[in-house]
Amino acid sequence: MKRRIILRTGAATAFAALGTAPAARTEPAGVNQRFAVAVLPDTQILFSTGGAGPEPLHATLRYLLDRRVAFLAHLGDITEHGTTTELELAGRAFATVDGKLPYSVLAGNHDVTGDDQRGRTAYLDVFGPHRFRRATGFLGASPDGYNSAHRFHGGGRAWLVLALDWRISDGGLAWAQGVLAANPTLPAIVTTHDLATADKQGTTTLSDHGRRLWQKLITKNDQIFLTVNGHHVPPGRTVLRNTAGHDVHVHVTNYQDRYQGGAAMIRLYHFDLARGRIDVETFAPWFLTRPAADRTPLETEHSELTGDADRFTLTIDFEERFAGFTPKPAPR
């Protein structure tokens, strides 16, 4: 599939208990229309035998907390083996930002097996819905607990994040559809572990599971304008047309094959609603926040990525793209 993104250099039953987000707000004068969303893929190697351990993750979370990003989405494979020990270690890292930094997590194939009807797991014990119940933006979870919905604010309006399981069931999909139906005016970002895959030439296509998710949820919900997944390497991106004829940006991001298992490398999406763009950059705070003179050659090489799948700009007329579900209010 050919890319159509403009590139620039630079940076259900349980649904009854689910919260409904307020209508998206228009931009009052003086509101800062710029904000950032962080994406964190596949930290599994950090928790594998001989891995760097949780310190790179701690460094990334500290960095995001200091910069007050609007939201952080983890894309699954938090751990390598999905053991209680590994998950609790990761859970303690995220405890440092609980109540301070809005975030979502989801299960990857290294965290769980089977689909989201798998029942209780160590993952659910640590990162289940109970963890987020006091979070302001938490809208609720699917009956099984493996899918969640979150609202955050940025640029003077509300946004929706759907964090969907590694192998979401039809029941999970029905739940996700219910979330969108209950929040019909919110632009939505879908995060999951496996949706698209890219080859070495950068050609990005939907995976087998991704095609199911696209056909059953994404393409028929115009609110969804961006999807991000991990699992596959290398990173890549493409643009698909939904049934409304609008663009959906589909991104793959995963750095577990890099030095120190990617060192909790993040991708930052810098939204600028006034200028109609999202500037994207990819880097490892664990390396980048050290003085340059103290970094090893490998740390320097892997501190920041500048390829066209990792550093790029999306141009989006947000008002036009969202007009189908968030009509512009009539002048007073």
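Up top is the structure these notes are about.
As the structure is a prediction and not an experimental result, all values here were calculated from the model. (Residues numbered from 1 in each chain as written. Predicted model: local features only at pLDDT ≥ 70, side-chain atom pairs only at ≥ 80, totals over all residues. Heavy atoms only, no water.)

A short note on the layout of surface pockets
Gaps between atoms show up when a probe of the same size as a water molecule is rolled over them.
Thinking step 1. Computed from the structure, the second largest pocket encloses a volume of approximately 380 Å³.
Thinking step 2. Along the wall of the second largest pocket there are 20 residues; nearest its centre are Leu101, Pro102, Ala135, Thr136 and Gly137.
Thinking step 3. For the lining of the second largest pocket, a count of residues per class yields ten nonpolar, five polar and five charged. (1 Å grid on protein atoms, 1.4 Å probe; cavity = no way out; pocket = protein on both sides within 12 Å on 5 of 7 lines; lining within 4 Å. Points joined across faces, edges and corners; volume = space filled by probe spheres on them. Nonpolar A, V, L, I, M, F, W, Y, C, P; charged D, E, K, R; others polar.)

Notes on the pattern of salt bridges
Thinking step 1. In the structure shown here, the tally under the stated rule is 16 salt bridges.
Thinking step 2. Asp170 is paired through a salt bridge with Arg212; the nearest N and O atoms lie 2.8 Å apart. Note that Asp170 is positioned in helix α4 (residues 170-182) and Arg212 in helix α5 (residues 208-218), a separation of 42 residues in sequence.
Thinking step 3. In this structure, a network of salt bridges that share partners links the residues Asp170, Arg212 and Lys216. (Salt bridge = Lys/Arg side-chain N within 4 Å of Asp/Glu carboxyl O. Helix = DSSP H or I, 4+ residues; strand = E, 2+ residues; numbered from the N terminus.)

Topic: the sheet that holds strand β11 (residues 236-241)
The pairing of strands in a sheet happens through backbone hydrogen bonds and is either parallel or antiparallel.
Thinking step 1. One open sheet accounts for seven strands, arranged β4-β5-β6-β7-β10-β12-β11; its pairing is mixed. Strands with a single pairing partner mark the edges of an open sheet, and in this sheet they are β4 (138-141) and β11. In this sheet, neighbouring strand axes are inclined to one another by 20 degrees on average, regardless of whether the strands run parallel or antiparallel.
Thinking step 2. Pairing of strand β6 (residues 157-163) with strand β7 (residues 188-192) involves four bridges; the strand directions are parallel. Note that in β7 the partner of Leu162 across the bridge is Val190.
Thinking step 3. Lying on the sheet, α4 is in contact with β4, β5 (148-154), β6, β7 and β10 (224-229); it crosses β6 at an angle near 175 degrees.
Thinking step 4. Strand contacts of α5: β7, β10, β11 and β12 (247-252), with the helix running at about 155 degrees to β10, the strand carrying the most contacts. (Pairing = 2+ DSSP bridges. Axes fitted to C-alpha atoms, helices over the stretch in contact; angles between N-to-C directions. Contact = heavy atoms within 4.5 Å.)

Concerning the nonpolar core
Thinking step 1. Core analysis: the biggest nonpolar cluster contains 36 residues, and Leu57, Leu64, Leu72, Phe94, Tyr123 and Phe127 have the highest contact counts within it.
Thinking step 2. Broken down by secondary-structure element, the contributors of at least two residues to this core are β1 (34-40), α1 (55-67), α2 (84-95), α3 (122-127), β4 and β13 (266-272).
Thinking step 3. Of the residues forming this core, the biggest block, five residues, is contributed by α3.
Thinking step 4. If sequence neighbours within four positions are ignored, Phe127 has contacts with Ile78, Leu87, Ala90, Gly91, Phe94, Val105 and Phe132.
Thinking step 5. In this structure, Leu162, Leu173, Leu213 and Val252 belong to the second largest nonpolar core, which totals 27 residues. (Core = buried A, V, L, I, M, F, W, Y, C linked by side-chain atoms within 4.5 Å. Buried < 20%, exposed > 50% of the residue type's maximum accessible area, 1.4 Å probe, protein only.)

Notes on the side chain of Gln44
Thinking step 1. Examined against the element boundaries, Gln44 turns out to sit in the loop between β1 and α1.
Thinking step 2. Gln44 sits in the buried class, given a relative accessible area of 2%.
Thinking step 3. For Gln44, the contacting residues outside a window of four places in its chain are Asp77, Ile78, Thr79, Glu80, His110 and Gln256.

Looking at the pairing of β12
Thinking step 1. Among the six residues of β12, five are classified as buried, and the element is accordingly described as predominantly covered.
Thinking step 2. Pairing of β11 with β12, which is carried by six bridges, proceeds in the antiparallel orientation. Bridging from a neighbouring strand, Leu240 pairs with Val248 of β12.
Thinking step 3. Linkage of β11 to β12, two consecutive antiparallel strands, is achieved through a turn of five residues, within which Gly245 is found at a positive phi near 85 degrees.

Let's talk about the pairing of strand β14 (residues 277-283)
Thinking step 1. Among the seven residues that make up β14, seven are buried, leaving the element largely enclosed by the rest of the structure.
Thinking step 2. Of the two faces of β14, both are covered, the one formed by Arg277, Asp279, Glu281 and Phe283 as well as the one formed by Ile278, Val280 and Thr282.
Thinking step 3. Here β13 runs beside β14; their pairing, made up of seven bridges, is antiparallel. Residue pairing across strands places Asp272 opposite Arg277, the latter belonging to β14.
Thinking step 4. The sheet contact formed by β14 and strand β16 (residues 312-315) spans four bridges and is antiparallel. Each residue of the ladder has a partner; that of Ile278, found in β16, is Leu314.

Description of unusual backbone geometry
Thinking step 1. Here Val233 and Pro234 are connected by a cis peptide whose omega angle stands at 0 degrees.
Thinking step 2. Tracing the backbone through its elements, the reader meets Pro234 in the loop between β10 and β11.

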